[in-house]
Amino acid sequence: MTNDQLRQALRNLNGERDVVFYFGEGEVCMVPKAMLIPHEEDHLIKLTDGRHEYIVDAERIAWIRLG
């Protein structure tokens with residue numbers, strides 16, 4: 001998955017839904033009440049739960065669950 005594809009998939013996150021990322025190595029990352037941070041000059045995919053920022057490596061994602 002590319003960064004652009006991931007940003008497109010997460011574009012509707014507005015702080016009302018949880019997102020869980022599953023990585024090929026069996027690792028899991030859950031972001032409660034996730035909000036997508038608008039595109040910045042660093043071109044990283046960033047989410048926030050209002051308390052923390054999460055930077056996601058699009059190439060490592062096996063699948064995503066949007067709650």
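An account of the accompanying structure is given in this report. (Residues numbered from 1 in each chain as written. Predicted model: local features only at pLDDT ≥ 70, side-chain atom pairs only at ≥ 80, totals over all residues. Heavy atoms only, no water.)

### Details of the environment of R17
Next, step 1: Position of R17 relative to the elements: it lies in the loop between α1 (3-10) and β1 (19-23).
Next, step 2: Residues R17 and P32, 15 residues apart in the sequence, show an inter-C-alpha distance of 6.9 Å.
Next, step 3: From its side chain, R17 meets the backbone oxygen of G67 in a polar contact 2.8 Å long. (Helix = DSSP H or I, 4+ residues; strand = E, 2+ residues; numbered from the N terminus. Polar contact = N/O pair within 3.5 Å; in protein donor to acceptor, adjacent residues only side chain to side chain.)

### A closer look at the packing of aromatic side chains
Next, step 1: Summed over the entire model, instances satisfying the criterion amount to one aromatic pair.
Next, step 2: Seen in terms of ring centroids, Y22 and W63 are 4.0 Å apart; in terms of plane orientation they differ by 10 degrees. Their pairing is stacked. With Y22 in strand β1 and W63 in strand β6 (residues 61-66), this pair connects stretches of sequence that are 41 residues apart.
Next, step 3: Look at W63 and you get partly exposed, because its relative accessible area is 47%. (Phe/Tyr/Trp six-rings, centres within 6.5 Å; stacked < 30°, edge-to-face > 60°. Buried < 20%, exposed > 50% of the residue type's maximum accessible area, 1.4 Å probe, protein only.)

### A word on the environment of T48
Next, step 1: Its location among the elements puts T48 in strand β4 (residues 45-48).
Next, step 2: Through-space distance from the C-alpha of T48 to that of Q5 is 19 Å; in sequence the pair is 43 residues apart.
Next, step 3: For T48, the residues in contact, after removing those within four places along its chain, are V31, K33, A34, M35, I37 and E53.
Next, step 4: Reaching out from T48, the side chain makes a polar contact with the backbone nitrogen of G50 at a distance of 3.0 Å.
Next, step 5: At 2.7 Å, the side chain of T48 and the backbone oxygen of H52 are in polar contact. (Contact = heavy atoms within 4.5 Å.)

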